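Examining the three-dimensional arrangement
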Amino acid sequence: MKRIGLVIFPGFQILDLAAISVFELANMVGYSPSYEIELLSERGGPVASSSGVPIETKPFSAAKFDTVLVTGWMSPVPASAGLLAFMSAASKVSRRIASICTGAFVLAEAGILDGRRATTHWAFARDMQARFPKIKVQEDKIFIVDGSVWTSAGMTSCIDLCLAMVEDDLGADIARGIARKMVVYHRRTGGQSQFSALLELQPKSDRIQDALAFAKKNLKTDLSVEVLAEAARLSPRQFSRAFRSETGQSPAKAVENLRVEAARLMMEEAQHPVDVIARETGFSDPERMRRAFLRAFGQPPQAIKRAARRAAA
């Protein structure tokens, strides 16, 4: 029986509790119960989530857990000294330490992620990289395993993370059985970029959404204002005005962001030459892609490609 400690704190995101369901179902789907789950907080007792719903917890103690997961906030805030001390101590005795969403900032503050690869919610990944330069933040991953430390992206990715843990413990058949019961993918393909750029734009009208969907599917082709305006069934002038009003970006900048994310994903998932990636994602040449990467990530494509190769190794 593996003891799982799920750490919460005032204002935690209640959707992160979906992690419990994965282990609960593992006990049902498996040949025998394998997990014992405890909800933990610094002082114990009821702890209110960001939605105001209180959850009953046990206080931190020196008890040993096989796996300790820390939940996240809607946006990162400094962790308490007690929380940092508990996570630091747990990292020395537990088989696995993990974070959900912005919970990665707790691990970062505790120094647990120094020198490791990690991920968090895409909206806060660059902030994490800037604040904690010793961490190799990979913002497009659903989850990352680096040794005994596991980190996941935003909210529902806790399900992906815990399914992978169960698969590691009990095998792929059990994990697939849980996924079927939860009506989720056993393994989601792609990374956060399939959500992040489009979600960040958040257009209000169907016409602008149609234009962005067209752009996402046709990155390799010409995506001028005229082409996008035709996809949106608007004149170029109407389209440019509506696009900027709804998204806060120019069409050209939005297309560049979509292309950069697609190019980075290609680098991380396959060993394509840089010039091939530039061509397949719609950049006219590698130099143009290099300038776009420097604007977006502060690094050239070659640096990200080398990091992806090391991670794969």
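So, here's what we can say about the structure. (Residues numbered from 1 in each chain as written. Predicted model: local features only at pLDDT ≥ 70, side-chain atom pairs only at ≥ 80, totals over all residues. Heavy atoms only, no water.)

1. Topic: the packing of aromatic side chains
As a reminder, the rule being used: Two aromatic rings, drawn from Phe, Tyr or Trp (for Trp, its six-membered ring), form a pair once their centres lie within 6.5 Å of each other, and the interplanar angle then sorts them: stacked below 30 degrees, edge-to-face above 60, tilted otherwise. Helix and strand labels come from DSSP, where a helix needs a run of H or I of at least four residues and a strand needs a run of E of at least two; each type is numbered from the N terminus. A simple rule labels every residue: compare its accessible area, found with a 1.4 Å probe on the protein chains alone, to the largest value its type can have, and call it buried under 20%, exposed over 50%, or partly exposed in between.
Scanning the entire structure with this criterion turns up five aromatic pairs. Where Phe 105 meets Phe 132, the ring centres are 6.3 Å apart and the plane angle is 70 degrees; that geometry is what we call edge-to-face. Of this pair, Phe 105 sits in helix 3 (residues 104–109) while Phe 132 is found in the loop between helix 4 (125–131) and strand 8 (136–137), placing the two residues 27 residues apart along the sequence. Under the relative-accessibility criterion, Phe 105 is labelled buried at 0%.

2. With respect to the environment of Ser 148
For the record, the criterion: Here, residues are in contact when the closest pair of their heavy atoms is within 4.5 Å.
Topologically, Ser 148 is positioned in the loop between strand 9 (143–146) and strand 10 (149–152). Placed 53 residues apart in sequence, Ser 148 and Arg 95 show a C-alpha to C-alpha distance of 6.4 Å. Setting aside its immediate chain neighbours within four residues, Ser 148 contacts Arg 95, Arg 96, Ile 97 and Arg 116.

3. Some remarks on the sheet that holds strand 3 (residues 45–48)
Applied cut-off: When DSSP locates at least two bridges between a pair of strands, those strands are taken to pair. As a rule, the C-alpha atoms of each element are fitted with a line to give its axis, helices using only the stretch in contact, and angles between N-to-C directions run from 0 to 180 degrees.
Here eight strands make up an open sheet; going across it, the order is 3-4-2-1-5-6-10-9 and the pairing mixed. The sheet terminates laterally at strand 3 and strand 9, the two strands that pair on one side only. Going across the sheet, the axis of each strand differs from the next one's by a mean of 30 degrees, ignoring polarity. Bridge count for strand 9 against strand 10 is four bridges, and the pairing is antiparallel.

4. Some remarks on the pattern of salt bridges
The following threshold applies: Criterion for a salt bridge: a side-chain nitrogen of Lys or Arg within 4 Å of a carboxyl oxygen of Asp or Glu.
As enumerated under the stated definition, the model contains 19 salt bridges in all. Across the pair Arg 131 and Asp 127 runs a salt bridge whose closest N-O atoms are separated by 3.9 Å. Of this pair, Arg 131 and Asp 127 both sit in helix 4, four residues apart, which is roughly one turn of that helix. Take Arg 131: its relative accessible area is 43%, and that puts it in the partly exposed class. A residue is classified by how much of its surface remains accessible, and Asp 127, at 33% relative accessible area, is partly exposed. A salt bridge links Glu 287 to Arg 291, with the shortest nitrogen-to-oxygen separation between them at 3.4 Å. Of this pair, Glu 287 and Arg 291 are both found in helix 13 (residues 286–297), four residues apart, which corresponds to roughly one turn of the helix.

5. Topic: the pairing of strand 6 (residues 96–99)
This is how it is decided: Orienting the strands away from the viewer, one traces the path from the first strand over the helix to the second; a clockwise path indicates a right-handed crossover.
Burial along strand 6 is two-sided: the residues Arg 96 and Ala 98 and Ile 97 and Ser 99 are all buried. Of the pairings in the sheet, the one linking strand 5 (residues 67–70) to strand 6 comprises four bridges and is parallel in character. In the sheet register, Thr 67 faces strand 6, and the bridge partner there is Arg 96. For the crossover that starts at strand 5, traverses helix 2 (residues 81–93) and ends in the parallel strand 6, the hand is right-handed. The sheet contact formed by strand 6 and strand 10 spans three bridges and is parallel. Residue pairing in the sheet places Ser 99 in a bridge with Thr 151 of strand 10.

6. Concerning unusual backbone geometry
In this structure, Cys 101 takes a positive phi of about 55 degrees despite not being glycine. When you line up the elements, Cys 101 lands in the loop between strand 6 and helix 3. Even without a glycine there, the phi angle at Val 183 is positive, about 55 degrees. On the secondary structure map, Val 183 appears in the loop between helix 6 (172–182) and helix 7 (193–201). According to the relative accessible area criterion, Val 183 is exposed, its value standing at 73%.

7. Considerations on helix 5 (residues 157–170)
Quick reminder of the rule: By this rule the span expected of a helix is its residue count minus one, scaled by 1.5 Å.
Here helix 5 contains 14 residues, and its C-alpha end-to-end distance of 20 Å stays within 8% of the 20 Å for a straight helix at 1.5 Å per residue. In terms of burial, helix 5 is largely enclosed, as 11 of its 14 residues are buried. Taken as a whole, helix 5 has its buried residues at Ser 157, Cys 158, Ile 159, Asp 160, Leu 161, Cys 162, Leu 163, Ala 164, Met 165, Val 166 and Asp 169. Gly 171, located one to two residues past helix 5, shows a positive phi value of around 105 degrees.

8. Digging into the pairing of strand 5
Here strand 5 shows a buried face lined by Thr 67 and Leu 69 and a second buried face lined by Val 68 and Val 70. Sheet topology places strand 1 (residues 2–7) next to strand 5; four bridges connect them, and they run parallel. Each bridged residue has a counterpart across the sheet, and for Leu 6 the counterpart in strand 5 is Leu 69.

9. Points about the packing of helix 1 (residues 18–29) against helix 6
The condition that has to hold: These descriptions rest on fixed angle ranges, namely under 35 degrees for roughly parallel, over 145 for roughly antiparallel, 65 to 115 for roughly perpendicular, and the rest for oblique. Rotating anticlockwise by less than a right angle from the far helix to the near helix defines a left-handed crossing, while the corresponding clockwise rotation defines a right-handed one. As a working rule, the residues Ala, Val, Leu, Ile, Met, Phe, Trp, Tyr, Cys and Pro are called nonpolar, Asp, Glu, Lys and Arg charged, and the rest polar, with Gly in that last group.
Interaxial distance between helix 1 and helix 6 falls to 9 Å at its minimum, and their mutual angle equals 120 degrees. The angle between helix 1 and helix 6 falls in the class oblique. As helix 1 packs across helix 6, the resulting crossing turns out to be right-handed. Mapping the contact onto sequence places Ala 18, Ser 21, Val 22, Leu 25, Ala 26 and Val 29 in helix 1 and Ile 174, Gly 177, Ile 178, Lys 181 and Met 182 in helix 6. For the contact of helix 1 with helix 6, the residue count by class is eight nonpolar, two polar and one charged.

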